[in-house]
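Notes for the structure review
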Amino acid sequence: MESLRADAGRWRALMAARCLSVSIHQPVGRTHAVNAGWEALWRASAEEFLQLNYNMLEDRQLTENGIMPHVERFFRGEEVAIPPISYDTDLVEELTGKKGGAVWVCSFGVPVRDAGDGFEGVLFQFAVPEAAEIQHKYEALIEEQRALQASLEARNRELEETVRVIAAQRDAIQAMSVPVIRVADGVLCLPIVGMIDDARASALLERLLEAIAAQQAAQVLLDITGVPALDARAAAQLVGAASASRLLGASCTLVGVSPALAQTLVELGVDLGGLDTAATLAEGLTRALAARRGAAQRSAAFAAQRSTKVAAHTPERGEWGEAHRPAALLRGEAHRPAALPRGEAHRPAALPRGDAPFRKR
C-alpha cells in the first residue's frame, strides 16, 4: 500500500505540474486525459478539448511536419522521441477559434501497459523556445543563401557577357591584325604586325584565301616588315599560305625581310620553297604591277593575234573572188582529176566465181 501510495503521489505530481504537458491517449489515437501543464502549453481549456474527440493519427499537420511515422510507432506500443516541431493549434479544424497558436514543442511517448495486453500511451511535451530562434536563424540563413545564389547567378551572367564581349573584341582584333588590302587591280597586300602564332596563322590563311577568291587576285604581297622575329614554324606557315595562294592562281611575294630575319631564316635552315622575296613593300609592289602589265600585254597580243587569224580565214560575205575560192571549186580542166584509163590494167581483178562473197540466187 505504501508503494502504491508513493506511485500515486508521483503521478498526481506529474498531472498537476504546469511546466510539463502530460496527455494520455488510447491505442486508437484518441486523447482521453490531459494535465494542467497541457493547458498551460497549448493555452486551451482541457474540458473543451476533450469534448472535441481529437485523434492524433488523423492530424494532417503532423503528417505535413513529417513526424507521423513516429506517432504511428507510439500508438503501436513503442517508446518514441519525436523531434522538435512547430505546431499551430489554429490550423487544426477542431481547435479553430480556440485560444492557442504556434508553439515549438519537443515530445516523448511512453506506453503504460496493464495486466493484459492493453496499454495507454502517455505523451510528455514541453516547449522549446530556443527552437523558434533557431528556426528564425535557419530561415534567415536560407534567405541569405537564396540572395547569395541570385547574386552569383547575376555575377555569372555578367561574366558570361564579359567573356562574350572579350571574344568579340578578340575576333575584331584578329581581323584587324590580318587586314587584306587591295592596292591595285588584281594585287593584294597583307601587312603582318607582331608575332605569328598558330591561331593567327590560321586566321591569316583563311582571310587571304577568301580575299583571293573574292577579288580574283593574281598577285599577293606578304609584308612582314612589322614582324619582330620568325621561327621555323612561323616561316613554314608563311610558305603554306603561299602554296595555298598558288592553288587559287595567285603568286606570292614576301616583302619586308630585314637582315636580322634573313640571318635567322638561314640559321634555321628554313626552305622558303621558291617563294619570291623583296626587300621593301615598294619593290614588291613595283614587281607586282610590272607582272600585271606584262600579263595584260601578253593577253592583248594573244587576243590581237587570234583576231587576225580569224579574219584571215573568214572573208566577208559577197567578196568571194577567184583568188579566194579553193582550188577544188575551180572548174578548169587542170584542176579536174585525171580520168582513169580504160585499159584492163586499171580494172580490178575479177573475183573468181566460186569465191564470190555474193551470189545471185
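Residues numbered from 1 in each chain as written. Predicted model: local features only at pLDDT ≥ 70, side-chain atom pairs only at ≥ 80, totals over all residues. Heavy atoms only, no water.

You will see that Asn53, though not glycine, has its phi angle at about 60°, which is positive. Locating Asn53 in the fold gives a position in the loop between helix H3 (46-51) and helix H4 (60-64). Looking at Asn53, the relative accessible area reads 43%, which means it is partly exposed. One non-glycine residue, Gln216, lies in the positive phi region at around 50°. Note that Gln216 resides in the loop between helix H7 (198-215) and strand E8 (219-226). Gln216 sits in the exposed class, given a relative accessible area of 63%. (Helix = DSSP H or I, 4+ residues; strand = E, 2+ residues; numbered from the N terminus. Buried < 20%, exposed > 50% of the residue type's maximum accessible area, 1.4 Å probe, protein only.)

We now examine the side chain of Asp223. Tracing the backbone shows Asp223 in strand E8. Among the polar contacts listed, one links the side chain of Asp223 to the side chain of Thr225, at a separation of 2.5 Å. Not counting residues up to four positions away in its chain, the partners in contact with Asp223 are Cys189, Leu190, Pro191, Ile192, Val255, Gly256 and Leu281. (Polar contact = N/O pair within 3.5 Å; in protein donor to acceptor, adjacent residues only side chain to side chain. Contact = heavy atoms within 4.5 Å.)

Tracing the sequence through the fold places Thr31 in strand E2 (residues 31-34). Look at Thr31 and you get buried, because its relative accessible area is 8%. Within the structure, Thr31 has its side chain in polar contact with the side chain of His25 (distance 2.8 Å). Residue contacts for Thr31: discarding those within four places in its chain leaves Ser23, Ile24, His25, Phe49, Leu50 and Tyr54.

Bringing empty space enclosed by the protein into the picture now. In this structure the tally under the stated criterion is 2 cavities of 30 Å³ or more. Taken together, 19 residues make up the lining of the largest cavity; nearest its centre are Trp42, Tyr54, Met56, Tyr87 and Gln125. Counting only elements with at least two residues in the lining of the largest cavity, the list comes to strand E1 (21-25), helix H2 (36-42), strand E3 (80-88), strand E4 (102-113) and strand E5 (119-127). The greatest single-element share of the lining of the largest cavity, amounting to 3 residues, is contributed by E3. For the lining of the largest cavity, the per-class residue count stands at 13 nonpolar, 6 polar and no charged. (1 Å grid on protein atoms, 1.4 Å probe; cavity = no way out; pocket = protein on both sides within 12 Å on 5 of 7 lines; lining within 4 Å. Points joined across faces, edges and corners; volume = space filled by probe spheres on them. Nonpolar A, V, L, I, M, F, W, Y, C, P; charged D, E, K, R; others polar.)

On to the packing of aromatic side chains. Using the criterion set out here, one finds 5 aromatic pairs in the structure. Their ring planes at 75° and their centres at 5.5 Å tell us that Trp42 and Tyr87 sit as a pair that is edge-to-face. One end of the pair, Trp42, is in helix H2; the other, Tyr87, is in strand E3, and 45 residues separate them in sequence. A relative accessible area of 8% places Tyr87 in the buried class. Aromatic pair Phe108 and Phe126: ring centres 6.1 Å apart, planes at 15°, arrangement stacked. Residue Phe108 is found in strand E4, and its partner Phe126 is found in strand E5; the two are separated by 18 residues along the sequence. (Phe/Tyr/Trp six-rings, centres within 6.5 Å; stacked < 30°, edge-to-face > 60°.)

On to the pairing of strand E7 (residues 187-193). Most of E7 is tucked away, with 5 of its 7 residues classed as buried. In sequence, strand E6 (residues 181-184) turns back onto E7 through a hairpin of 2 residues, with Gly186 there showing a positive phi of about 80°. (Pairing = 2+ DSSP bridges.)

With that out of the way, let us pick up the environment of Gly256. Take Gly256: it is sitting in the loop between strand E9 (251-255) and helix H9 (259-268). C-alpha of Gly256 to C-alpha of Glu283: the two residues are 27 residues apart in sequence and 9.5 Å apart in space. With near-sequence residues (within four places) excluded, Gly256 lies in contact with Asp223, Ile224, Thr225, Ala278, Ala279 and Thr280.

None of the figures reported here should be taken as evidence of function without further support.
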